[in-house]
Amino acid sequence: MRKFKVGLIGAGGVTELHLEGYKAHPERVEVAAICDLNAEALTRKADQYGIPLRFSDLNDFIRESGVDAAVVCTPTSIRKQVVFPLLDARLPLFVEKPFSDTLSDAIDITEKAAGLKVPVSVNQNFRRHFTFDVVKGIVAEGQIGKVTQIIFNNLFFRQDTGWRLQCERHALSVMGIHWFDGFRQILGSEAVSVTSLMSSSSAVECAGETDATVQVAFENGAFATYVQSFSSAHPRTEMIVIGETGTLVCGHRSVELFRKGQKAPERTWSNDISREIATFEGLNHLLTSLETGAEAPNSARDNLKTVAILDAAYRSAEEKRTVTLDHGVLV
């Protein structure tokens, strides 16, 4: 197993996930460099994690860092202008979610990467941090029969600070991107239509939406109903997966299987994968693809189908109509 030198672009809060996850795997990852315009944040993060090479200019990072891959943790509003020079330098990329603000930018990034034959992966760490991967396995084994629908509620109070306050796309871009991706993983199917409603609560200071209801129909006939709130005084995160022979009740840490007429679960599965562990695993998908030449399961190309659902949800709310997709691609 090869050891890779990586460099981080961005020294904000989300880099904690990466650095904490990577430090448990020194045999696989060496964080050799970090780059950020904010000198204070750059120095603080570099000192905290013992990162030797520090850059305030992206071009200097590209010329002098000597890394094998770059981890992009910048705000999505400047994602494309950061990613393009890195791709031109032929640096493989592991990019934070959502990997761009809009579907059009995501397509531009993916097509440029493909044209240059540079692999790009996206940090969809909730595939493992939430119970999506566990449920995917249960469904694949046929333990609840054909899935007919998924009901997902994610309610809590969240007041962000910094650059997110100015984003026109807020709650769904922060959390919905995880859930849309998870629905795809469970069903092994792509979206065919999206219908959504959104609003912004005065209880939360931000430019974008705080509350939304989204319904996504999939090619296999299943549909997902998803409710998101950043303004709820009562927290609740629960996913119910209804199959023809059983129902799964899921949270972050457990999955319970219920059969018709049963008041107690027939079986329970546990999940204890932290976001930090899952983030390292996401990077390792990219590194493995560099070794094998096989496309990573969290590739940019795959993630376009998730971003398409996100983009369709915003279009649906804005245009007050159901938005149609063809095998996960907006039409």
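First, a word on scope: everything that follows refers to the structure included in this document. Note that this is a predicted model, so its numbers are computed, not measured. (Residues numbered from 1 in each chain as written. Predicted model: local features only at pLDDT ≥ 70, side-chain atom pairs only at ≥ 80, totals over all residues. Heavy atoms only, no water.)

## A closer look at the environment of Asp160
Counting through the fold element by element, Asp160 comes out in the loop between strand 7 (147–157) and helix 8 (171–187). Excluding anything up to four places from it in sequence, Asp160 contacts Leu165, His170 and Phe230. A polar contact is formed between the side chain of Asp160 and the side chain of Arg158, at a distance of 3.0 Å. At 3.5 Å, the side chain of Asp160 forms a polar contact with the side chain of His170. (Helix = DSSP H or I, 4+ residues; strand = E, 2+ residues; numbered from the N terminus. Contact = heavy atoms within 4.5 Å. Polar contact = N/O pair within 3.5 Å; in protein donor to acceptor, adjacent residues only side chain to side chain.)

## Some words on the environment of Cys167
Along the chain, Cys167 turns up in the loop between strand 7 and helix 8. Note: C-alpha distance between Cys167 and Glu209 (42 residues apart in sequence) is 9.3 Å.

## A look at the sheet that holds strand 5 (residues 93–96)
Ordered in space as 3-2-1-4-5-6, the 6 strands form an open sheet in which the pairing is parallel. Strands with a single pairing partner mark the edges of an open sheet, and in this sheet they are strand 3 (53–55) and strand 6 (120–123). Adjacent strand axes in the sheet meet at a mean angle of 25°, parallel and antiparallel pairs treated alike. In this sheet, strand 5 lies alongside strand 4 (residues 69–72) in parallel orientation, the contact comprising 3 bridges. From the neighbouring strand, Val71 faces strand 5, where its bridge partner is Phe94. (Pairing = 2+ DSSP bridges. Axes fitted to C-alpha atoms, helices over the stretch in contact; angles between N-to-C directions.)

## Section: the packing of helix 5 (residues 103–116) against helix 10 (residues 300–319)
At a minimum axis separation of 9 Å, helix 5 and helix 10 run at an interaxial angle of 170°. Judged by the inter-axis angle, helix 5 sits roughly antiparallel to helix 10. Note on element contacts: helix 10 touches helix 5 through Ala300, Arg301, Leu304, Val307, Ala308 and Asp311, opposite Leu103, Ala106, Ile107 and Thr110. Grouping the amino acids of the contact of helix 5 with helix 10 by side-chain chemistry returns 7 nonpolar, 1 polar and 2 charged. (Parallel < 35°, antiparallel > 145°, perpendicular 65-115°, else oblique. Nonpolar A, V, L, I, M, F, W, Y, C, P; charged D, E, K, R; others polar.)

## Here we look at the environment of Trp163
Within the secondary structure layout, Trp163 lies in the loop between strand 7 and helix 8. Spatially, the C-alpha atoms of Trp163 and His25 are 31 Å apart, while their sequence positions differ by 138 residues. Excluding anything up to four places from it in sequence, Trp163 contacts Pro75 and Thr76.

## Concerning the nonpolar core
Within the largest apolar cluster, 75 residues are counted, with the highest numbers of intra-cluster contacts made by Phe61 and Met239. At 10 residues, the largest contribution of residues to this core is made by helix 8. Aside from chain neighbours lying at most four places away, what touches Met239 is Phe130, Thr131, Phe132, Val135, Ile150, Ile151, Phe152, Phe183, Ile186, Leu248, Val249 and Cys250. Counting 22 residues, the second largest nonpolar core, distinct from the first, contains Phe4, Tyr22, Ala41 and Ala46. (Core = buried A, V, L, I, M, F, W, Y, C linked by side-chain atoms within 4.5 Å. Buried < 20%, exposed > 50% of the residue type's maximum accessible area, 1.4 Å probe, protein only.)

Don't take any of this as a statement about function, it's just geometry.
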